Amino acid sequence: MATAKKVKQVSRASLMRQYYNGNPTATVNEVAKKFNTTYQIAYMVRKEMQKKTPKAKPLAGKFKRIAVFSSNESVLDTINPECAKPEEPKSDPVNHPAHYKVGGIETIDFIEAKALGYHLGNAVKYITRADHKGNRLQDLQKAKWYIDRAIEKASI
């Protein structure tokens, strides 16, 4: 008995985004004609792409010089003090809460990568969100409770 292969459908908008990426100088009219669509649709696809790629902001005055040492050499480097605090991403409260993604990696991805299990995974979850959810002390106490529980289970 032969099984049918599933064919993944690719949207026209996805194809247009690929084309824009490969042809950055392409005009909206050219793209609309190539993909047999209206100017408005080609324009909206391009506009959405521009929203997802933020433009660089002027950085004048936001840097300070510090000395960075590598081996025996002194190297001057610039650091933006605002970059020291990770920016909180937009939130999808059910699937991807913002406080789980601070620092560029979702907490669940870290927990699964390290195979931490239930108790230690929950401890990491509460620690990573302690400064971003509203009640730092309570989240740290919960993390401690899960760590104590893991220690208790390990000593049995």
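Structural notes, computed from the coordinates. This is a predicted model, so every value here is computed, not measured.

This part is about the packing of aromatic side chains. In this structure the tally under the stated criterion is four aromatic pairs. Relative to F35, the ring of Y19 has its centre 5.8 Å away and its plane inclined at 75 degrees; by these criteria the two rings are edge-to-face. With Y19 in helix α1 (residues 12-22) and F35 in the loop between α2 (28-34) and α3 (39-52), this residue pair connects regions lying 16 residues apart in the sequence. Using a relative accessible area of 23% as the deciding quantity, one classes Y19 as partly exposed. For F35, a relative accessible area of 17% corresponds to the buried category. The interplanar angle of 15 degrees and the centroid separation of 5.9 Å between the aromatic rings of Y126 and Y146 together place this pair among those described as stacked. Taken together, the residues Y126 in helix α5 (residues 117-129) and Y146 in helix α6 (residues 136-154) connect sequence positions 20 residues apart. Overall, the relative accessible area of 9% leaves Y126 in the buried class.

Running from N to C, α5 and α6 cross one another at 160 degrees; their axes reach a closest spacing of 8 Å. Between α5 and α6, the angle is such that the two are roughly antiparallel. Handedness of the crossing formed by α5 with α6: left-handed. Residues Y118, H119, L120, N122, A123, Y126, I127 and R129 of α5 touch α6, and the partners they reach there are D139, K142, A143, Y146, I147, R149, A150 and K153. Class assignment for the residues of the contact of α5 with α6 results in nine nonpolar, two polar and five charged.

The next point concerns a nonpolar patch on the surface. On the surface, a nonpolar cluster with roughly 390 Å² of combined accessible area is contributed by L120, I127, L140, I147 and I151. Secondary-structure elements contributing two or more residues to the nonpolar patch are α5 and α6. When residues in the nonpolar patch are grouped by element, the largest group, three residues, is from α6. In this structure, L120 sits in helix α5. The exposure class of L120 is partly exposed, given its relative accessible area of 37%.

The rules behind these values
Residues numbered from 1 in each chain as written. Predicted model: local features only at pLDDT ≥ 70, side-chain atom pairs only at ≥ 80, totals over all residues. Heavy atoms only, no water. Phe/Tyr/Trp six-rings, centres within 6.5 Å; stacked < 30°, edge-to-face > 60°. Helix = DSSP H or I, 4+ residues; strand = E, 2+ residues; numbered from the N terminus. Buried < 20%, exposed > 50% of the residue type's maximum accessible area, 1.4 Å probe, protein only. Axes fitted to C-alpha atoms, helices over the stretch in contact; angles between N-to-C directions. Parallel < 35°, antiparallel > 145°, perpendicular 65-115°, else oblique. Left-handed = near helix turned anticlockwise from the far one by under 90°. Contact = heavy atoms within 4.5 Å. Nonpolar A, V, L, I, M, F, W, Y, C, P; charged D, E, K, R; others polar. Patch = residues over 30% accessible without salt bridge, like charges linked within 9 Å, V, L, I, M, F, W, Y side chains within 5 Å. Areas by Shrake-Rupley, 256 points an atom, 1.4 Å probe, with all protein chains shown as cover. Salt bridge = Lys/Arg side-chain N within 4 Å of Asp/Glu carboxyl O.

Spatial relationships are all this shows, so hold off on functional conclusions.
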